[in-house]
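Residues per chain are reported as follows:
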Amino acid sequence: MRLPKSVLAVFPVLFFIGLLLGNLFFFKTQEQGQKLYAQHCASCHMEKGEGLANLIPPLAEADWLAQNPEKVACIIRYGQTGEVRVNGKTYNHPMPANLQLSDTEIHNITNFILSNFGNKVSKRTFEQITKDLRTCH
Amino acid sequence: MRTYRIILLTVIILWSCKEKEKRLPILGERQAIQVEKDGKVVTDTLYHTIPAFRFINQDSVEVTEKTFEGKIYVTDFFFTTCPSICPKMKQQMLRVYEKYKNDDRILLLSHSISREDSVPVLRAYAKKINISSKKWHLVTGKWNDIEQMAKMYFVTVTEDKNEPGGYLHSGHFALIDKQRRIRGIYEGTNPKEVDKLLEDIDILLNETP
């Protein structure tokens, strides 16, 4: 079957529209992650993820994140108490919960952290995040 | 003759341009009062002055207005478990601490506004941000006393169950001179404002009385 030329010409156009939408979606989630980070995390973990002295652990180039990416979502939602060791230093200062954040918002924050501040941890899918959040304790 | 005049004029102009000593403003309400001086009644200005206080620091040592006698100091209000603006304030206050670590003319004073911040809690916090009580006092006291003092420094402090952490407060740093007058107020979470504070501290240290 042969398609008329005018129909064929539509394919590249569709292809580019798809690419554009994909990009928009990607940057939108990235941007949301960044905005949410600024709103909910930056006051303690600081704008560049540097943390504070021996009080608040850094997120920048944090070995803990590379080793425990599946725990990030739970900590964002429920906070954390007790000791945590990051880049060779031990921190022990309670982190408050953020119960107001939705699964999608936590997904975007998690991926923003995992792929910024010098971290190169593979991003988590939405399915992984919802699963992470079901297994919090 | 003309050349001399030009030179003279230039000297006069340059002289008048000589920079005046920089001084910081004195903040707060002021009152004109009549005082007797050398047998004559003269008018003097009464500035807003920080009253006496009595708190206890991270080493269980009493801290009063006498602790700051002959010194200038920077002060703020915070609490150790504050999830909103405090860590940023402390990050910025640490800049002041580091810069004047070995300068005896200046001290830092942070008041805790949380009833939960006991002396051991403050001590642990001081250790975590690695500061010495010789330079930086983290103090606690009766909540009402702290709240009253906050007003004196033009800082708002209230208890509010709906706020993250349970307290609402503004993140200002106040710069106090040797006469316990407020010479500057800065947004403690804003690095640019703290740059200004660092400049102002140097101006204040060099002010002639």
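Residues numbered from 1 in each chain as written. Chains lettered and ligands numbered in written order. Predicted model: local features only at pLDDT ≥ 70, side-chain atom pairs only at ≥ 80, totals over all residues. Heavy atoms only, no water.

Which residues make up the overall build of chain A, and what values go with them?
Counting its regular elements, chain A contains seven helices and two strands. Counting helices and strands in the order they occur from the N terminus, chain A gives α-α-α-α-α-β-β-α-α. The C-alpha atoms of chain A give a radius of gyration of 19 Å, which is well past the 14 Å a tight globule of 137 residues would have. Per-residue burial over chain A gives 38% buried out of 137 residues. Of the contacts formed within chain A by residues at least 6 apart in sequence, a portion of 56% connects residues at least 24 apart. Approximately 8600 Å² of chain A is accessible, and the part contributed by carbon and sulfur atoms is 61%. (Helix = DSSP H or I, 4+ residues; strand = E, 2+ residues; numbered from the N terminus. Rg over C-alpha atoms; globule rule 2.2 N^0.38 Å. Buried < 20%, exposed > 50% of the residue type's maximum accessible area, 1.4 Å probe, protein only. Contact = heavy atoms within 4.5 Å. Areas by Shrake-Rupley, 256 points an atom, 1.4 Å probe, with all protein chains shown as cover.)

Just give me the short version of unusual backbone geometry, but keep the residues and values in it.
In the Ramachandran plot, E61 of chain A falls in the positive-phi region, its phi being about 45° despite a non-glycine side chain. Of the residues examined, E61 of chain A reaches a relative accessible area of 60% and is grouped as exposed. Located in the positive-phi region is N130 of chain B, a residue other than glycine, with phi close to 60°. Among the secondary structure elements, N130 of chain B is positioned in the loop between α3 (119–128) and β7 (136–140).

Report on the pattern of salt bridges, specifying residues and quantitative values.
Residue and element names in this part refer to chain B. In total, this model carries 18 salt bridges over all chains according to the counting rule given. A salt bridge links E65 to K66; the shortest N-O distance between them is 3.9 Å. Residue classification places E65 among the buried residues on the basis of a relative accessible area of 16%. Taking relative accessible area as the criterion, K66 reaches 56% and is therefore assigned exposed. (Salt bridge = Lys/Arg side-chain N within 4 Å of Asp/Glu carboxyl O.)

Can you lay out the confidence of the model for chain B for me, pointing to particular residues and giving the numbers?
Residues of chain B with pLDDT of at least 70 account for 94%, and the chain-wide mean is 91. Under the prediction, the complex receives an ipTM of 0.75, its pTM being 0.81. (pLDDT = per-residue confidence, 0-100.)

How would you summarise the packing of aromatic side chains if you had to cite specific residues and measurements?
Residues and elements named next belong to chain B. What the rule picks out here adds up to 13 aromatic pairs over all chains. Between the aromatic rings of F77 and Y153, the centroid separation amounts to 6.0 Å while the plane-to-plane angle is 55°, which identifies the pairing as tilted. Placement of F77 in strand β5 (residues 72–78) and of Y153 in the loop between α4 (143–152) and β8 (157–159) is noted, with a sequence separation of 76 residues between them. Comparing F77 with Y153, the two get one shared label, buried. The structure contains a cluster of three or more aromatic residues connected by ring pairs, namely F53, F55, F68, Y73, F77 and Y153. Lying over the aromatic face of F78, K90 brings its terminal NZ or CZ to 4.3 Å of the ring centre. Over the ring of Y47 we find R181, and its NZ or CZ is 5.3 Å from the ring centre. (Phe/Tyr/Trp six-rings, centres within 6.5 Å; stacked < 30°, edge-to-face > 60°. Lys NZ or Arg CZ within 6 Å of the ring centre and 35° of its normal.)

Can you break down the state of the cysteines residue by residue, with the values?
This model, assessed by the stated rule, comprises two disulfides over all chains. The disulfide bridge from C82 of chain B ends at C86 of chain B, spanning 2.3 Å between sulfur atoms. In this structure, the disulfide formed by C82 of chain B and C86 of chain B twists by about 90° around the S-S bond and is classed as right-handed. Taking relative accessible area as the criterion, C86 of chain B reaches 1% and is therefore assigned buried. In this structure C41 of chain A is a free cysteine whose sulfur lies 9.1 Å from that of C44 of chain A, the closest cysteine sulfur available. For C41 of chain A, a relative accessible area of 11% gives the class buried. There is no disulfide at C44 of chain A, and the cysteine sulfur nearest it, in C82 of chain B, is 7.2 Å away. (Disulfide = S-S within 2.5 Å.)

Before we move on, can you summarise the packing of helix α2 (residues 86–99) of chain B against helix α5 (residues 191–206) of chain B with the specific residues and values?
All names here are of chain B. One can describe the packing of α2 onto α5 by two numbers: an axis separation of 10 Å at closest approach and a directional angle of 30°. Compared by their axis directions, α2 and α5 come out roughly parallel. Handedness of the α2/α5 crossing: right-handed. In this structure, α2 contributes Q92, R95, V96 and K99 to the contact, and α5 contributes P191, V194, D195, L197, L198, I201 and D202. Within the contact of α2 with α5, the residues separate by chemical class into six nonpolar, one polar and four charged. (Axes fitted to C-alpha atoms, helices over the stretch in contact; angles between N-to-C directions. Parallel < 35°, antiparallel > 145°, perpendicular 65-115°, else oblique. Left-handed = near helix turned anticlockwise from the far one by under 90°. Nonpolar A, V, L, I, M, F, W, Y, C, P; charged D, E, K, R; others polar.)

I'd like a description of the nonpolar core, backed by residues and values.
Ranked by internal contacts, the top residues of the largest apolar core, which has 59 residues, are F53, V74, V96, Y153 and I201 of chain B. The element best represented in this core is α5 of chain B, accounting for seven residues. Setting aside its immediate chain neighbours within four residues, V74 of chain B contacts M93, V96, I106, L107, L108, L109, F173, A174, L175, L197 and I201 of chain B. Counting residues in each nonpolar core, the second largest holds 25 residues, with L36, I106, L114 and V121 of chain A among its members. (Core = buried A, V, L, I, M, F, W, Y, C linked by side-chain atoms within 4.5 Å.)

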